[in-house]
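# A structural walkthrough
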Amino acid sequence: MSEHAQETKTTIAPEEEPIHLERIQELQDIANRLRIHAIRATQASKSGHPTSCSSIADILAVLFFNVMRLDMKEPRNPASDRLVLSKGHAAPILYAAWAEAGLFPVDNLQNLRKFDSDLEGHPTPRLNFIDIGTGSMGQGVAVSAGMAYIGKNIDKADYRTYCIVGDGESAEGSIWESINFASFYKLDNLCVIFDINRLGQSDPTQLQHGMDIYEKRLDAFGFHTLVVDGHNTVELINAFEAAASTKGKPTAILARTLKGKGFPGIEDQENWHGKPLGDKACDCIRKLEYSIINRSPCPVALKPRTNAGMTVPEVNISNVKLDTPPAYKLGEPVATRVAYGTALTKIAAGCDRVIALDGDTKNSTYSEKLKQKFPDRFVECYIAEQNLVGVTIGATCRNRTIAFASTFGAFLTRAFDQIRMGAISQANANFCGSHCGVSIGEDGPSQMALEDIAMFRAIPGSTVFYPSDAVSCERAVELAANTPGICFIRTSRPSTAVIYKNEEVFQVGIGKVIRQSRKDRVLLIGAGVTLYECLSAANDLEKVGIKVRVIDPFTIKPLDAGLIMVNARVCQGRIIVVEDHYQEGGLGEAVLSALAMERDMEVKHLYVPHVPRSGPPAVLLDKFGISSRHIIEAVSNYMECKCASSLED
């Protein structure tokens, strides 16, 4: 036994009335049936985590058949309680619990991990009873906190949120970001259950069964903390009842469990993580079956509680519009980050389900504009970007809100995994990254988003907006609110002149030709600040008799490849792409990819070539090769090449 091991301390007041012994036995029987299902499913798939499933069998039995209020006809009914399995590798026993509850036939569990089955190795919303994908450790509490925040503060409803966390994944710092968030906002409708089974994947966990240390940590974060034997049905029932009656703080149930509970020769032993039981399966099943008192076939007498009487407000989050159109003057200097904040307030005025979240940068991203007008719909997540993204994804579950999360674009990179899992979760979440590129100036490279386009382009199903002026930025926000999947809006720090009329129409995947003539010889493509460098270069080139065409792509993903190809051909296939981003994965590579199968196209790519440094924005744009001077030089090189080619002919 671990040096940290100790007797489980129960900190729950005794029940006023004893729990009926028959109910206790039924719950214990269900737990053992769940264990058997997990063994058989993982045996059938020849892979999986039956020992990790076994440690939470009693917890799931009590949750599903004594605690949670569910709608078996509509598992994601917005009025029902929520459950997030943060330790997603225990998916087989979660599936088994839904099957035991009657959602689908138990025999279907034999399809675990098969290609044509939605019972995947880790939970995803391909299943109608899963809200979010899990399996990448440390993210479930943030999503659960987002759900709970909406339930308490936006829906103002009775549903509760439960999250099961593995003790191994509690080493993730993101867990504690989210614990801190839940405590700060007094989310008393949230219950986090720590499955403390002592064993990780390759070694025992850091604290093993040091329950006193876990308890001190959760107490210090301001949780109502209960320590229980995770295999004692009575203690679990009492703990969940205590959690439900606790006001003003979230509850953490610290459940001391054993990995492989009930598996002879395997229980609490190392080197059984992620392995089916093989030739030991029959003995384990036989022992579990022997311990079951109620041998009647499923469904058992005990049924899940219903959500009868639980209601939530009706929500309409479709066809969201700016309540007033953009109102700018042509040539007026306005930073797109400012226009972002303005647009948030405009769509929030027309839809009471628009919310904004930020990471203590609201006075720089201008999300504070929404806070000033609709303070109840602004969520300050402080400097904890992984939690910021997770809470945002949780807030959008079951279509309860349209959420926009913002911070410096550079800081979203640390939450890439949360964003990636949001896509796997089929989330409709919007992110705004301000302070992109070297154009932010003196703050230096640590603050400069130079990888953000690449990051969001790599997210499956994502949409990447890069508005260049205030009008297009307001429309980008409006479009993002109505676009499914992960949306990213890249905003700039410097003020840029308004180039579009207020009535200009924008669409996802449709770019704009903003300067053209019949004699254009080169196509320039820029976005954000580099679009203005392209326009400046075009003006100077025209003075010497060289006409160029300029395109604003508006969205980098999807890119308007058709528009680029048509206009490139007019310009004899000569293209110059200019971007305030590193070479890899940005606008230039998007253009090159779109033109990969086209003949007679030549693309010059101007980008930030290496880690930049502090300095005035104009100096940095020039120093790192993306200013109008460098664009003119690139165009001149095209012209020189043409002259040389003519001489050779």
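Computed from a predicted structure; not experimentally measured. (Residues numbered from 1 in each chain as written. Predicted model: local features only at pLDDT ≥ 70, side-chain atom pairs only at ≥ 80, totals over all residues. Heavy atoms only, no water.)

### Re the UniProt feature "domain: Transketolase-like pyrimidine-binding" (unreviewed entry) in the protein
Listed under "domain: Transketolase-like pyrimidine-binding" (unreviewed entry) in the UniProt record, and renumbered for this structure, are residues 334-498. Taken end to end, residues 334-498 comprises 39% helix and 21% strand; its first and last C-alpha atoms sit 7 Å apart. (UniProt positions renumbered as here; feature names shortened; annotations may be inferred. Helix = DSSP H or I, 4+ residues; strand = E, 2+ residues; numbered from the N terminus.)

### Considering the pairing of strand 17 (residues 522-526)
Counting buried positions along strand 17 yields five of five residues, so the element is predominantly enclosed. Burial along strand 17 is two-sided: Val 522, Leu 524 and Gly 526 facing one way and Leu 523 and Ile 525 facing the other are all buried. Relative to strand 18 (residues 548-552), strand 17 runs parallel, the two sharing four bridges. Its bridge partner being in strand 18, Ile 525 is matched across the sheet by Ile 551. By the bridge criterion, four bridges tie strand 17 to strand 20 (residues 574-582) in an arrangement that is parallel. Bridge pairing in strand 20 places Leu 523 opposite Ile 575. (Buried < 20%, exposed > 50% of the residue type's maximum accessible area, 1.4 Å probe, protein only. Pairing = 2+ DSSP bridges.)

### Some remarks on the domain arrangement of the protein
Segmenting the protein into domains produces domain 1 (21-303), domain 2 (332-498) and domain 3 (512-641). Summarising the inter-unit geometry, the C-alpha centres of domain 1 and domain 3 are found 53 Å apart. (Domains from an automatic or database assignment.)

### A look at the sheet that holds strand 14 (residues 486-490)
The seven strands lie next to each other as 10-9-11-12-14-13-19, forming an open sheet whose pairing is mixed. Looking along the sheet, the strands with just one partner apiece sit at the ends: strand 10 (378-380) and strand 19 (555-557). With direction set aside, neighbouring strand axes in the sheet form an average angle of 20°. For strand 9 (residues 354-358) and strand 11 (residues 402-408), the ladder comprises five bridges, and the chain directions are parallel. Following the sheet pairing, Val 354 is matched in strand 11 by Ile 402. (Axes fitted to C-alpha atoms, helices over the stretch in contact; angles between N-to-C directions.)

### What about the packing of helix 1 (residues 21-45) against helix 8 (residues 233-245)?
At a minimum axis separation of 10 Å, helix 1 and helix 8 run at an interaxial angle of 100°. With respect to helix 8, the element helix 1 is oriented roughly perpendicular. Listed contacts from helix 8 to Ile 24, Leu 27 and Gln 28 of helix 1 are Thr 233, Val 234 and Ile 237. Looking at side-chain class alone, the contact of helix 1 with helix 8 contains four nonpolar, two polar and no charged residues. (Parallel < 35°, antiparallel > 145°, perpendicular 65-115°, else oblique. Contact = heavy atoms within 4.5 Å. Nonpolar A, V, L, I, M, F, W, Y, C, P; charged D, E, K, R; others polar.)

### As for the packing of aromatic side chains
Enumeration according to the criterion identifies 18 aromatic pairs in this entry. Ring centres of Tyr 95 and Phe 129 lie 6.1 Å apart, and the angle between their planes is 75°; on these two criteria the pair is classed as edge-to-face. One end of the pair, Tyr 95, is in helix 4 (residues 91-100); the other, Phe 129, is in the loop between helix 4 and helix 5 (140-154), and 34 residues separate them in sequence. Considering the side-chain rings of Phe 181 and Tyr 185, the 4.9 Å spacing of their centres and the 55° angle between planes classify their relative orientation as tilted. When the ring centre of Tyr 159 is taken as origin, the NZ or CZ atom of Arg 82, which lies over that ring, is 3.6 Å away. We note Lys 512 situated over the ring of Phe 506; from NZ or CZ to the ring centre the distance is 5.0 Å. (Phe/Tyr/Trp six-rings, centres within 6.5 Å; stacked < 30°, edge-to-face > 60°. Lys NZ or Arg CZ within 6 Å of the ring centre and 35° of its normal.)

### Looking at the sheet that holds strand 5 (residues 224-229)
Pairing is parallel in the open sheet, where five strands are placed in the order 2-3-4-6-5. The strands lining the two open edges of the sheet, one partner per strand, are strand 2 (82-85) and strand 5. Averaged over all neighbouring strand pairs, the angle between strand axes comes to 20°, with direction disregarded. Of the strand pairs in this sheet, strand 3 (residues 161-166) and strand 4 (residues 190-196) are connected by six bridges, and their pairing is parallel. Within the sheet, the bridge partner assigned to Cys 163 lies in strand 4 and is Val 192. Contacting strand 3, strand 4, strand 5 and strand 6 (251-256), helix 8 runs over the sheet at an angle of about 170° to strand 5.

### Examining unusual backbone geometry
The peptide bond linking Lys 557 to Pro 558 adopts the cis configuration, its omega dihedral lying at -5°. Counting through the fold element by element, Pro 558 comes out in the loop between strand 19 and helix 18 (561-570). Of note, the phi angle at Arg 113 is positive, near 70°, even though the residue is not glycine. Note that Arg 113 resides in the loop between helix 4 and helix 5. For Arg 113, a relative accessible area of 31% puts it in the partly exposed group. Although it is not a glycine, Lys 156 adopts a positive phi angle of roughly 50°.

### Re the environment of Phe 431
Relative to the elements of secondary structure, Phe 431 occurs in strand 12 (residues 429-434). The class for Phe 431 is buried, based on a relative accessible area of 1%. Residues Phe 431 and Asp 358, spaced 73 residues apart in sequence, show a C-alpha to C-alpha distance of 9.8 Å.

### Description of the pairing of strand 9
Most of strand 9 sits inside the fold, with five of its five residues counted as buried. Strand direction decides the pairing type here: strand 9 and strand 10, joined by three bridges, are parallel. Bridge pairing in strand 10 places Asp 358 opposite Glu 380.

### Here we look at the environment of Glu 332
Assignment of secondary structure puts Glu 332 in the loop between strand 7 (305-306) and strand 8 (333-335). Filtering out sequence-adjacent residues up to four positions away, Glu 332 remains in contact with Thr 496, Ala 497 and Val 498.

### Examining helix 6 (residues 173-184)
The end-to-end C-alpha distance of helix 6 is 17 Å, a good match for the 16 Å that 12 residues give at a rise of 1.5 Å each. Restricting attention to buried positions, one finds in helix 6 the residues Ser 174, Ile 175, Trp 176, Ser 178, Ile 179, Phe 181, Ala 182 and Ser 183. Just past helix 6, the residue Lys 186 takes up positive phi, approximately 55°. (Expected span 1.5 Å × (residues − 1).)

### Looking at the side chain of Asp 195
Within the element layout of this structure, Asp 195 appears in strand 4. Using a relative accessible area of 0% as the deciding quantity, one classes Asp 195 as buried. Reaching out from Asp 195, the side chain makes a polar contact with the side chain of Thr 257 at a distance of 2.6 Å. For Asp 195, the contacting residues outside a window of four places in its chain are Ser 52, Ser 55, Ile 56, Lys 87, Val 165, Gly 166, Asp 167, Ala 255 and Thr 257. (Polar contact = N/O pair within 3.5 Å; in protein donor to acceptor, adjacent residues only side chain to side chain.)

### As for the nonpolar core
Of all hydrophobic cores here, the largest spans 86 residues; its most connected members are Phe 181, Leu 187, Phe 194, Leu 357, Phe 431, Phe 456 and Ile 525. The element that contributes the greatest number of residues to this core is helix 5, accounting for eight residues. Excluding residues within four positions of it along the chain, Phe 194 makes contact with Val 165, Ser 170, Ile 179, Leu 218, Ala 252, Ile 253, Leu 254 and Ala 255. In this structure, Ala 57, Met 68, Ala 91 and Ile 193 belong to the second largest nonpolar core, which totals 55 residues. (Core = buried A, V, L, I, M, F, W, Y, C linked by side-chain atoms within 4.5 Å.)

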